[in-house]
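The primary structure of each chain is shown beneath.
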Amino acid sequence: MKTISKITSIIVTILAIFTYTANAQEDRGGFRLSVGPEVGLPIGNFGDFYDWNLGGSIQGELPILNNDLYVTLNAGFNNFFAKDIKGVSGEDLQLIPVKAGLKYFVVNNFYVQGEAGASFVTNKDDVGATKSAAFIYAPQIGYLFPLGGKNYLDAGVRFEGNSKFVDGGSSNNFFGLRIAYSFGL
């Protein structure tokens, strides 16, 4: 857990440096879409059974206040790769998260984002889940790197918490990284 805290601190520091050294804010105005891959590391009890995850998502963003505050809608797919545990036949866990939230640009292109929604298990029977869906919440920080015009590279780090997929089980949390191509419409 200490290693994860150190990595998060380093990422926050790097993003803060980019924030203060960036030029004047470009116009991010209007509706935006972003598409990109996601990777993550399960933590806690979830990390006892799964090594890492790989997936992707698409996100729509609509400005509601001065091009600084956006409403977001995000949907994607995540595959959590099961660990090889002696005597246990583990199956990969496959989820479809659907979230809505807010994204606020604090300074220039540095943002904080919070989302909540549901995560649907696509292979419930294979993994022994007793529930088909779980509540999720995901605080995130990130930075938009300008690529020219209204195009950006959106890099964000988040903690995502899922409630239980199994009665009497534990929550399913992970740290994730999303690198997406973001463009204005």
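Basis of the calculations
Residues numbered from 1 in each chain as written. Predicted model: local features only at pLDDT ≥ 70, side-chain atom pairs only at ≥ 80, totals over all residues. Heavy atoms only, no water. Patch = residues over 30% accessible without salt bridge, like charges linked within 9 Å, V, L, I, M, F, W, Y side chains within 5 Å. Areas by Shrake-Rupley, 256 points an atom, 1.4 Å probe, with all protein chains shown as cover. Salt bridge = Lys/Arg side-chain N within 4 Å of Asp/Glu carboxyl O. Helix = DSSP H or I, 4+ residues; strand = E, 2+ residues; numbered from the N terminus. Core = buried A, V, L, I, M, F, W, Y, C linked by side-chain atoms within 4.5 Å. Buried < 20%, exposed > 50% of the residue type's maximum accessible area, 1.4 Å probe, protein only. Pairing = 2+ DSSP bridges. Axes fitted to C-alpha atoms, helices over the stretch in contact; angles between N-to-C directions. Polar contact = N/O pair within 3.5 Å; in protein donor to acceptor, adjacent residues only side chain to side chain. Contact = heavy atoms within 4.5 Å.

Engineer: What is the right way to look at a nonpolar patch on the surface in this model?
Structural biologist: There is a patch of nonpolar side chains on the surface, built from Val39, Leu41, Trp52, Leu54, Leu147, Leu153, Leu177, Ile179 and Tyr181 and spanning about 750 Å² of accessible area. Looking at the nonpolar patch, the elements with two or more residues in it are strand 1 (32–43), strand 2 (50–65) and strand 8 (172–184). When residues in the nonpolar patch are grouped by element, the largest group, three residues, is from strand 8. Here Leu41 is to be found in strand 1.

Engineer: What exactly am I supposed to notice about the nonpolar core here?
Structural biologist: In summary, soluble globular proteins display a tendency toward joint burial of nonpolar side chains. Ranked by size, the top nonpolar core spans 11 residues in total: Phe46, Tyr50, Phe80, Ala82, Leu93, Leu95, Val121, Ala129, Ala134, Phe165 and Phe174. Elements that contribute at least two residues to this core include exactly strand 3 (69–82) and strand 4 (93–107). Judged by nonpolar contacts, the second largest core, of five residues, contains Tyr70, Phe105, Tyr111 and Tyr152.

Engineer: Would you explain the sheet that holds strand 5 (residues 110–121) in this entry?
Structural biologist: Backbone-to-backbone hydrogen bonds pair the strands of a sheet. The strands run either parallel or antiparallel. Ordered by their spatial adjacency, eight strands build a closed barrel running 1-2-3-4-5-6-7-8, and the pairing between neighbours is antiparallel. Direction aside, neighbouring strands of the sheet carry axes that sit 25° apart on average. Of the pairings in the sheet, the one linking strand 4 to strand 5 comprises 12 bridges and is antiparallel in character. Considered in strand 5, the bridge of Leu95 is made with Val121.

Engineer: In this structure, what is going on with the environment of Gly117? I would like to understand it.
Structural biologist: Topologically, Gly117 is positioned in strand 5. Considering only alpha carbons, one finds Gly117 and Tyr137, 20 residues apart in sequence, at a separation of 6.5 Å.

Engineer: What's the story with the side chain of Glu38 in this structure? I'm lost.
Structural biologist: Inspection of the secondary structure assignment puts Glu38 in strand 1. Owing to a relative accessible area of 4%, Glu38 belongs among the buried residues under this scheme. There is a polar contact of 2.6 Å between the side chain of Glu38 and the side chain of Ser57. The residues contacting Glu38, other than those within four sequence positions of it, are Asn53, Leu54, Gly55, Gly56, Ser57, Asn78, Arg158, Leu177 and Arg178.

Engineer: Help me understand the pattern of salt bridges, please; the structure alone is not making it clear to me.
Structural biologist: When their charged atoms lie close together, side chains carrying opposite charge are able to pair. Scanning the model with the defined rule gives eight salt bridges in all. In this structure, Lys103 and Glu61 form a salt bridge, with 2.8 Å as the shortest nitrogen-oxygen distance. With Lys103 in strand 4 and Glu61 in strand 2, the pair connects residues that are 42 residues apart, well separated along the chain. Summarising the burial analysis for this pair, Lys103 and Glu61 share the class buried. The residue Arg158 makes a salt bridge to Glu160 at a minimum N-O spacing of 2.9 Å.

Engineer: What is the right way to look at unusual backbone geometry in this model?
Structural biologist: Most of the time, phi is negative for any residue but glycine, and the peptide bond is trans. Backbone geometry at Asn67 places phi at a positive 55°, although glycine is not the residue there. On the secondary structure map, Asn67 appears in the loop between strand 2 and strand 3. With a relative accessible area of 24%, Asn67 lands in the partly exposed category. Residues other than glycine seldom take positive phi values, yet Asn108 does so here, at roughly 45°. Relative to the assigned elements, Asn108 resides in the loop between strand 4 and strand 5. You can call Asn108 partly exposed: its relative accessible area is 21%.

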